[in-house]
Amino acid sequence: MTNPQLTEQAAPLRPLEHPGLARRIWPFAICTLIALAAALIVRPGGDPVGLIAAVALFAAIAATIVAVPWSRFRAGAQTLPPLFFVAAVAFLRHDTGGSDSAFSALMALPVAWFTLYGTAYEIGVCVVVVAVGLGAPVALIGGPDYPSADLLRTLVLTVVAGTLGFSVNKLVRLQREREEETSSILEAAHESFISVDGEGLIRRWNRQAERDFGYTADEALGREAAELVVPAVVRSEFRGEIVRAVQTGRSPILGRRIEVRGLRRDNSEFPLEMTISTVETAAGLQFHAFLHDISERRDAEFNLQQAEERFRRAFDDAAIGMALTSPEGRWLRVNRALAEMLGKSVADLTGFSFREITHPEDRDRDTAALSALVVGEIDRYQAEKRYFHADGSVIWVNLNVSVVRDPAGKMLYVIAQMQDVTERREAQKRLAHEASHDPLTGLPNRALLDDRMGMALARLRRSELPLAVLFLDLDRFKLVNDSLGHEAGDRLLVEVAERLGRLLRPSDTVARLGGDEFAILCEDITPDATATLAGRIGESLARDFNLDGHTLSVTTSIGIAIDRDPDVSPGTLLANADAAMYEAKTRGRSRYAFFATEMRTRASGRLEAEAELREAIEAGQIEAHFQPQVDLSEGRVIGIEALARWRHPEHGLMSASDFIPIAEESDLIVAIGDRVLEASVAHALAWHKRGGNRLRVTVNLSARQLTGPEISGTVANLLDRSGFPPELLCLEMTDRTFAEDLEGALEAMSDLRDLGVTLAIDEFGVGTSNLGLLRGMPEIGVLKIDPSFIRGIDGGRAARELVVAVIHMAHALDMEVVAEGVETATEAGLLRELGCDAAQGNHIGRPVPAAELDERILGVGQGRP
Ligand code: C2E
Ligand code: MG
């Protein structure tokens, strides 16, 4: 919206430039009319020439004022009409009595007019012209009409008119400037200014009011304010207040800032802040109202409120814990989730310092982080930390902190978000525990033991005494597993772990390495104390374990490595203890052995041999050779014993005693045993088919095979598949087997016996077997006398007596007696005389491959040996 008033005000208007015609014309028009009327009254019958000239001049002046675009001419041109007016008045005066004419007073009009509307210069010109208009007739005409005294009067008048004119003009201009200044301030104001008179009519309406309410000044001025800008609901109240103010000079709406609603041209309402003051004027009481549109502020307030509400909701209802924290670390505000997380109420936590419930180990770190946030070193902070729950337990939270600062960068508060990660932390802890512990016994595992050994070795430098590693292997654990089941085996391991734990100092570590192997790490211990400990472990484990009603005890072989060299590796330490344990096992189990360097060489040689043997089995280098057994009285071959041989690519044919012990320490013996059994039955069947004697085939069984879970199944299956007569299969076992697991061995033997297989006891008399034991066994068909008994029979009587006793005892138990390792004809002859049933040995025939034996077995026999 443009403002013509303002642009026009930029250059002050001069009288004849004023756009309002009335203002330009009325003084002159009125004077003209007065002059005409006066002329008619004063000189009704006289000569009208002067009068006509005056009237014509007045008319011309009026027409000029209206028609001429004065603003286009120089300012001085505006003085012309008043000057002509002066001339016209001079004519009129002359016509009505000259100096005494009543019209002389009209001479003052141009001066007065310029005083009000003109400039000082125009007043000056005007005063001079008027002086000339009054003075000139005195000089030119003179006489009674214009006495010379007029000159003096003219002079006085001129001085008075000029002085008054200049000072009044100055006052008027000053007043006008003030008015313009006020007006420009009000127009430029960003508040609506509405002036209302005592009747409630709008008298002033500035530009901002135009913008705010939508009415131009022309439209608004003179209208009733209540009707125009006050909403209908409060209109009558407003009117009432105006009336009250007019009558009493008082109203609550006066003199203070109040919030009201305004009505726009489009009938929409908007909030306003209004201040009304009153001014007493000649026209009565005037109300000046300043109105400030506060819709934007209201919108902003509303938006802020909304934002705050949203924030409050998001904060209070968040699923994760949140807190607004002061720079000092106090919780200004906390949400429900946090309160729940910590087991307290929101009210309890508000005002709380986070330090009070932070775990002491996290306190310093968090406090340092808060200080760094406050000074602006960092803007965010993230950490996992611990709080104390109301019930005293520790909870883990993932903390995320960010800072809210004021525009100057000063920290206002900190927003902390906290997520309960206790479960995850615990799971991690569990995982870490699982990774370093044996799940069955809960003991540290190999990895953790390695770790602890590493630390113990590092501490060795500062310690006086060495450290010891004990390697334990339970003897015959596999038998427990196989006979009582894995659950019982597991329980045994758990109980063993408990017993070991009870024997140790808190600083010692007991670990389970896997299977039935345990290791113990002791620091600061003497060799003697270690030996004592090993002894106590042996005793403790030898006491009965009760597993599901089965009572059993275990023996353990313990290897001890003692070291005070901090540079040794944990691996070496453990390997040394392992080698020592192996030594203890080979020395007859159920004992302990200290590590000595040569054990390492033996141990590693053993491992290599085992690996080589495994490859040999896979490569088919293991074969069965056969050694004949002859009936001593008839000299006839009655059977053959299968003996394993290793056809070694480098060392040639190797005897069973060279590799069977290695195989017996591992499961390899099972594979070898199966192979020999299969081969033996296959060859024997072939011989039978080819019409040979119905030879008995003897196969050796190791303890591990016999007490293993599969033996009876394996044999039954073989017999089934091959159709081989069970009674011709003889299975040999040594009394070493009984020493290890008598119960298991007896059970397996009776199963085998049930299959119809013949059982034989090998190497009788060498081990711990006794005659009483034989009595409790299932039917044993054959008893083999060990070569060591045979060796002396041709020399001393005592040796012979022993053999005789065995033969008698065996015969009494219905057993066939076979002498082993018969090397000479003398031995064979003596044995026959002593009543021995059969013999086997190099004298009769060395073990040979099946093909070489064929002829001898297929034949009827060789006669007496
Ligand atoms: P064993 O069952 O007592 O076997 C007899 C051993 O005496 C054989 O040794 C045999 O070669 C040897 N021998 C035979 N005649 C004479 C002789 O006149 N004088 C002397 N000094 N020795 C003689 P080998 O083959 O080295 O077997 C040693 C042991 O290995 C066997 O003792 C047996 O317990 C075991 N063995 C052999 N083959 C197998 C097998 O396939 N499975 C199992 N589990 N053990 C086997
Ligand atoms: Mg044998």
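For the structure, check the block above.
Residues numbered from 1 in each chain as written. Chains lettered and ligands numbered in written order. Predicted model: local features only at pLDDT ≥ 70, side-chain atom pairs only at ≥ 80, totals over all residues. Heavy atoms only, no water.

Engineer: Whenever I open this one, the overall build of the chain confuses me. Can you help?
Structural biologist: Looking only at helices and strands, one finds 33 helices and 27 strands in the chain. Compactness check: the chain gives a C-alpha radius of gyration of 68 Å against a globular reference of 29 Å for 865 residues, more than 25% above the reference. When the backbone C-alpha atoms are referred to their principal axes, the chain occupies close to 215 × 60 × 55 Å. The long-range fraction of contacts in the chain, counting pairs at least 24 apart against all pairs at least 6 apart in sequence, stands at 59%. When the accessible surface of the chain is split by element, carbon and sulfur atoms take 55% of a total near 43,300 Å². Between the averaged position of the 91 positive side-chain charges in the chain and that of its 123 negative side-chain charges there is a distance of 8 Å. (Helix = DSSP H or I, 4+ residues; strand = E, 2+ residues; numbered from the N terminus. Rg over C-alpha atoms; globule rule 2.2 N^0.38 Å. Contact = heavy atoms within 4.5 Å. Areas by Shrake-Rupley, 256 points an atom, 1.4 Å probe, with all protein chains shown as cover. Lys, Arg positive; Asp, Glu negative; His and termini not counted. Charge placed at Lys NZ, Arg CZ, Asp CG, Glu CD.)

Engineer: Whenever I open this one, the site of ligand 1 confuses me. Can you help?
Structural biologist: In the region of ligand 1, 24 residues are neighbours, and R645, S655, D762, E823 and N842 sit closest. R645 places a polar side-chain atom, nitrogen or oxygen, 2.8 Å from an oxygen atom of ligand 1. Within the backbone of S657, an N or O atom sits 3.1 Å from an oxygen atom of ligand 1. Protein burial of ligand 1: of its 790 Å² of free accessible surface, 82% is covered by the chains. Mapped by element, the contributors of at least two residues to the shell around ligand 1 are β19 (637-648), α23 (656-665), α24 (668-689) and β23 (758-764). (Near = heavy atom within 4 Å. Polar contact = N/O pair within 3.5 Å; in protein donor to acceptor, adjacent residues only side chain to side chain.)

Engineer: I tried to follow helix α21 (residues 570-586) on my own but got confused; where do I start?
Structural biologist: An α-helical turn contains 3.6 residues, so a residue and the one three or four places further along point in the same direction. Taking 1.5 Å per residue as the helical rise, α21 with its 17 residues ought to reach 24 Å, and the 24 Å between its terminal C-alpha atoms agrees with that figure. Of all 17 residues in α21, twelve are buried; the element is thus mostly enclosed. Along α21, the residues that are buried comprise P570, L573, L574, N576, A577, A579, A580, M581, Y582, E583, A584 and K585. (Expected span 1.5 Å × (residues − 1). Buried < 20%, exposed > 50% of the residue type's maximum accessible area, 1.4 Å probe, protein only.)

Engineer: I'm lost on the sheet that holds strand β6 (residues 321-325) in this one. Help?
Structural biologist: Two modes of strand pairing occur in sheets, parallel and antiparallel, and in both the strands are linked by backbone hydrogen bonds. Spatially, five strands are ordered β7-β6-β10-β9-β8 in an open sheet, and the strand pairing comes out antiparallel. The sheet terminates laterally at β7 (331-334) and β8 (380-388), the two strands that pair on one side only. Sheet twist, expressed as the average angle between the axes of neighbouring strands with direction ignored, equals 30 degrees. Of the pairings in the sheet, the one linking β6 to strand β10 (residues 411-420) comprises five bridges and is antiparallel in character. In the sheet register, A323 faces β10, and the bridge partner there is A416. Packed onto the sheet, helix α16 (residues 422-436) meets β8, β9 (394-405) and β10 and runs at close to 130 degrees relative to β9. (Pairing = 2+ DSSP bridges. Axes fitted to C-alpha atoms, helices over the stretch in contact; angles between N-to-C directions.)

Engineer: Where do I start with the side chain of S540 in this structure?
Structural biologist: Tracing the backbone through its elements, the reader meets S540 in helix α20 (residues 527-542). Filtering out sequence-adjacent residues up to four positions away, S540 remains in contact with R499 and L503.

Engineer: Sorry if this is basic, but what is going on with a negative patch on the surface here?
Structural biologist: Side chains of E608, E612, E615, E618 and E650 sit close together on the surface and give a patch of like negative charge. Tracing the chain through its elements places E612 in helix α22 (residues 597-618). With a relative accessible area of 37%, E612 lands in the partly exposed category. (Patch = residues over 30% accessible without salt bridge, like charges linked within 9 Å, V, L, I, M, F, W, Y side chains within 5 Å. Salt bridge = Lys/Arg side-chain N within 4 Å of Asp/Glu carboxyl O.)

Engineer: Please explain the packing of aromatic side chains as it appears in this structure.
Structural biologist: How two aromatic rings sit relative to each other is set out by the distance from centre to centre and by the angle between their planes. A full pass over the atoms with the stated rule returns nine aromatic pairs. Relative to F290, the ring of F193 has its centre 4.9 Å away and its plane inclined at 50 degrees; by these criteria the two rings are tilted. Of this pair, F193 sits in strand β1 (residues 192-197) while F290 sits in strand β5 (residues 284-293); the two residues are 97 residues apart in sequence, bridging distant segments of the chain. Judged by centre distance (5.6 Å) and plane angle (45 degrees), the ring pair of W205 and F213 falls under tilted. (Phe/Tyr/Trp six-rings, centres within 6.5 Å; stacked < 30°, edge-to-face > 60°.)

Engineer: Can you walk me through the sheet that holds strand β17 (residues 592-594) in this structure?
Structural biologist: Within the open sheet, the five strands sit side by side as β12-β13-β11-β16-β17. Their pairing is mixed. Whereas interior strands pair on both sides, the edge strands pair on one side only; in this sheet they are β12 (509-514) and β17. On average, each strand axis in the sheet is inclined to that of its neighbour by 20 degrees, with strand direction left out of account. Note that strand β11 (residues 467-474) and strand β13 (residues 517-522) share six bridges and pair antiparallel. Looking at β13, one finds that D473 is bridged to E517. Where helix α17 (residues 446-460) meets the sheet, it contacts β11, β12, β13 and β16 (556-563), and its direction lies at approximately 140 degrees from that of β12.

Engineer: Just checking my understanding: could you explain the coordination of the magnesium ion (ligand 2) for this structure?
Structural biologist: Perfect tetrahedral coordination of a metal by four donors corresponds to 109.5 degrees between them, and perfect octahedral coordination by six donors corresponds to 90 or 180 degrees. Every protein donor of the magnesium ion (ligand 2) is listed here as E641 (OE), N700 (OD1), E732 (OE) and D762 (OD), and their distances to the metal cover 2.1 to 2.4 Å. Here the donor residues of the magnesium ion (ligand 2) share one chain and are spaced in sequence as E-x58-N-x31-E-x29-D. Taken as a pair, E641 in strand β19 and N700 in strand β21 (residues 696-700) lie far apart in primary sequence, 59 residues in all. Take E641: its relative accessible area is 1%, and that puts it in the buried class. The exposure class of N700 is partly exposed, given its relative accessible area of 27%. (Donors = N, O, S within 2.8 Å, 3.2 Å for Na, K, Ca; no water.)

Engineer: Looking at this structure, how should I read helix α11 (residues 232-248)?
Structural biologist: Its 17 residues place the ends of α11 25 Å apart at the C-alpha level, agreeing with the 24 Å of an ideal helix rising 1.5 Å per residue. Along α11, the residues classified as buried are R235, F238, E241, I242 and A245. For α11, the buried positions fall inside an angular range of 130 degrees around the axis, keeping them on one side. Those residues of α11 that are exposed and aimed more than 90 degrees away from the buried face are S236, E237 and Q247. Looking at the packing, one finds that the buried side of α11 touches α10 (225-229), β3 (257-263) and β5. Residue G249 follows α11 closely and has a positive phi angle near 75 degrees. (Arc of directions from axis to C-beta.)

Engineer: What is the right way to read the environment of G744 from this model?
Structural biologist: Topologically, G744 is positioned in helix α28 (residues 742-754). As a C-alpha pair, G744 and D482 span 262 residues in sequence and 9.0 Å in three-dimensional space.

Engineer: Mind showing me how you'd approach the nonpolar core here?
Structural biologist: Generally speaking, a soluble globular protein has its nonpolar side chains buried in company with each other. In this structure, I672, L729 and L731 are the most contacted members of the largest nonpolar core, which totals 78 residues. Ranked by the residues each element gives to this core, the list is headed by α24, at nine residues. With residues near it in sequence (within four places) discarded, L729 still touches L677, V681, V697, V699, V715, L719, F724, V757 and T758. Counting residues in each nonpolar core, the second largest holds 30 residues, with L470, A534, I537 and I558 among its members. (Core = buried A, V, L, I, M, F, W, Y, C linked by side-chain atoms within 4.5 Å.)

Engineer: Help me out: how do you make sense of the pattern of salt bridges in this one?
Structural biologist: Side chains that differ in sign of charge can pair as their charged atoms come close. For the structure on display, the rule yields 45 salt bridges. A salt bridge links E179 to R204; its shortest N-O distance comes to 3.9 Å. One end of the pair, E179, is in helix α7 (residues 149-188); the other, R204, is in strand β2 (residues 202-205), with 25 residues separating them in the sequence. Using a relative accessible area of 21% as the deciding quantity, one classes R204 as partly exposed. A single salt-bridge network, built from bridges that share partners, covers R257, E259, E273, R297, R298 and E301.

Engineer: Would you mind going over the packing of helix α18 (residues 477-484) against helix α19 (residues 486-503) with me for this structure?
Structural biologist: To characterise two packed helices, one gives the angle between the axes of the helices and the distance between these axes. Two elements in contact, α18 and α19, have axes separated by 6 Å at closest approach and are oriented at 140 degrees. Considered as vectors, α18 and α19 are oriented oblique to each other. Across the interface between the two elements, F477, V480, N481 and L484 of α18 pack against H486, A488, G489, L492 and L493 of α19. (Parallel < 35°, antiparallel > 145°, perpendicular 65-115°, else oblique.)

Engineer: Honestly, the environment of G376 in this entry has me stumped. Any pointers?
Structural biologist: Inspection of the secondary structure assignment puts G376 in the loop between α15 (360-374) and β8. Using a relative accessible area of 42% as the deciding quantity, one classes G376 as partly exposed. Distance in space between the C-alpha atoms of G376 and G744 is 78 Å, their sequence separation being 368 residues.

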